[in-house]
Structures are given as C-alpha cells and as structure tokens.
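What follows is the residue order along each chain.
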Amino acid sequence: MTTHTGPHPTRRLILQGAASVALIGLGNLPFAPARAAANDKYPEEAFKLKNEADAIKALYGKTAEPSDKIKLDAPEIAENGGVVPISVTTTLDKVTSISFFVAENPNALAASYKIPDGTIPAVANRLKMAKTSSVTAIVEADGKLYSATKEVKVTVGGCGG
Amino acid sequence: MASSIRVRATSNGDITEVQTLIQHPMDTGLVKDAKGELIPAHYIQELKFACNGKDVFVANWGTAISKDPYVKFSFKSAKKGDDLKISWTDNKGGSDETTAKIA
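Residues numbered from 1 in each chain as written. Chains lettered and ligands numbered in written order. Predicted model: local features only at pLDDT ≥ 70, side-chain atom pairs only at ≥ 80, totals over all residues. Heavy atoms only, no water.

### Topic: unusual backbone geometry
In the Ramachandran plot, Lys94 of chain A falls in the positive-phi region, its phi being about 55 degrees despite a non-glycine side chain. Among the secondary structure elements, Lys94 of chain A is positioned in the loop between strand S4 (84-90) and strand S5 (95-102). On the basis of relative accessible area, Lys94 of chain A is assigned to the exposed category, the value being 58%. Unusually for a residue other than glycine, Asp68 of chain B sits at a positive phi of about 50 degrees. Turning to its location among the elements, Asp68 of chain B is positioned in the loop between strand S4 (54-61) and strand S5 (70-76). (Helix = DSSP H or I, 4+ residues; strand = E, 2+ residues; numbered from the N terminus. Buried < 20%, exposed > 50% of the residue type's maximum accessible area, 1.4 Å probe, protein only.)

Next comes the structure, spelled out in structure tokens:
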C-alpha cells in the first residue's frame, strides 16, 4: 500500500507546484510593465508600443495630469531630427522617474530614467524625431504622474533613410 | 580598446554634475543602407551610474535616442575623488563600462 501511494503524493505535489508557478506567472503578466518602471528591469513592452497613451500606460499603469512645476526645454524648430536636444527640470518633490515620449515617432517612448533618492530631478538628453511632433515629459513624483508637453517642428526627420 | 564612454563628473560642494557621451550607432532598425537592406536595430537599452555602491541614475533607452548618446544629470552626497562607475548594455548583448573620478 505504502509503496503505491508513496510516489503519488510527491508527484501530485510537484505537479501542483508547477501549476501554481505557471498561474503566478500568468497572473503577473498584466502588471509586469507597470512594475518595470519601479524595478531595474528594462521595460521592453513599453518601448515597442506605437501610441503615446498606450506606452505611458504600459510603463506606469496610470495616466498623467499636466503640471506647471515641470519645465520642458526643447527647441521650437529642430533643423536635424536626428539630434534634438531636450531637457527637463522639475520642482516637484519625491521624484522617482522621468520619461520622454515623442508622439509621432514609430515608437512613442524614447527614454525612461530612474531617479533614486539624492539625485536631482533633472535630465538632459538628445532624441531622434521622425517628424514634427509633440514631446512629452512624464515625471513620477510621490506615486503620481505629471506631464509637460511641447511641440517641436522638425525640418529634416531623423528616423528614415 | 579605448572606452566607448566619455564622462565628466564635477563636484561643486554638495552637488555632482555628470555629463556623459557614449559612442554607439543607436540603429533604429528602420533605416536602409546603400544597398537598400535594412540595418538591424542596435541600440543601448540600459545605462547605469553607480557611486559608492549605490545606483545614482539608471537610463532605459529605446531607439529614439540619438546616435552617440549624450546625457546629463546631477546627484547629491558624493565628494571629489569618489569613483563613479558607468556601464551600459545594448540589445545585441554588447556592453562596456568605465570608472571616472569625480573632480
């Protein structure tokens, strides 16, 4: 009797274990991109999305409200869309991340920066822009999202041949 | 091989300003070469700055970052002479790292 039942519970346990692992894995999927912003993980999915709103949602899992405490510095007209200097500073408190989105690019999300405690919430970088588009900076501060947007005219695109 | 990372980290008392230039093609995967063949995407995905064993700045990048990327940021509580470690990895598994002294 024991020789028959012996192996079964262990096998069942292993199977159950495997099933629950699979379930946990599936259950986590929808939240994975949202947590990616807080984690060290590279937010692969958010970078693949074409639409700006979708990318913001995939990265943060929520929507942003405009804030005048964010200063987005970008040229009115960019002669070379391949190199558009864009910087952002903010007076918001408890900033944990800053991201840049270019609405008309093939993929809206351009860059996402993690701002740990002790780092000044200000970033300057250079982006490629396919054509004239709005550029949005999203600042995550104290768990909330704030945004600032500016239109940049591009005379020569930076994403095509 | 010379490092792909050029960095200038300067401290003015409390705040350290870091300017970084990296040599990288940052190919989007959308551009064709002279023969009309697509150049595959090749871009830096993650760039990390660590000082005194703590990450002070982490960049996640897509293809919309310009070729030979530039980035500037500032952080607190480091002093002159501290080491700043910079490392990046790209989508093809390439990577590089360097250490700069804060001046």
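### Observations regarding the pairing of strand S9 (residues 144-154) of chain A
All names here are of chain A. Two elements, strand S1 (residues 65-66) and S9, share two bridges in a ladder whose sense is parallel. Bridge assignment links Pro66 to a residue of S9, and that residue is Ser147. With two bridges connecting them, strand S3 (residues 77-78) and S9 associate as parallel partners. Opposite Ala78, over in S9, you have Val154 as the bridge partner. For strand S8 (residues 133-141) and S9, the ladder comprises nine bridges, and the chain directions are antiparallel. (Pairing = 2+ DSSP bridges.)

### Here's the deal with the side chain of Asn125 of chain A
The topology assignment puts Asn125 of chain A in strand S7 (residues 122-127). What makes Asn125 of chain A buried here is its relative accessible area of 2%. A polar contact of 2.5 Å, which involves the side chain of Asn125 of chain A, links it to the side chain of Tyr113 of chain A. For Asn125 of chain A, the contacting residues outside a window of four places in its chain are Val84, Pro85, Ile86, Phe100, Ala111 and Tyr113 of chain A together with Ile65, Tyr70 and Val71 of chain B. (Polar contact = N/O pair within 3.5 Å; in protein donor to acceptor, adjacent residues only side chain to side chain. Contact = heavy atoms within 4.5 Å.)

### A look at the sheet that holds strand S1 (residues 5-12) of chain B
The strand order across the open sheet formed by six strands is S2(A)-S4(A)-S7(A)-S5(B)-S2(B)-S1(B), and the pairing between neighbours is antiparallel. Edge strands, defined here as strands with exactly one partner in the open sheet, are strand S2 (70-73) of chain A together with S1 of chain B. Taking each pair of neighbouring strands and ignoring which way they run, the sheet shows an average axis angle of 15 degrees. As paired strands, S2 of chain A and S4 of chain A are joined by four bridges and run antiparallel to one another. (Axes fitted to C-alpha atoms, helices over the stretch in contact; angles between N-to-C directions.)

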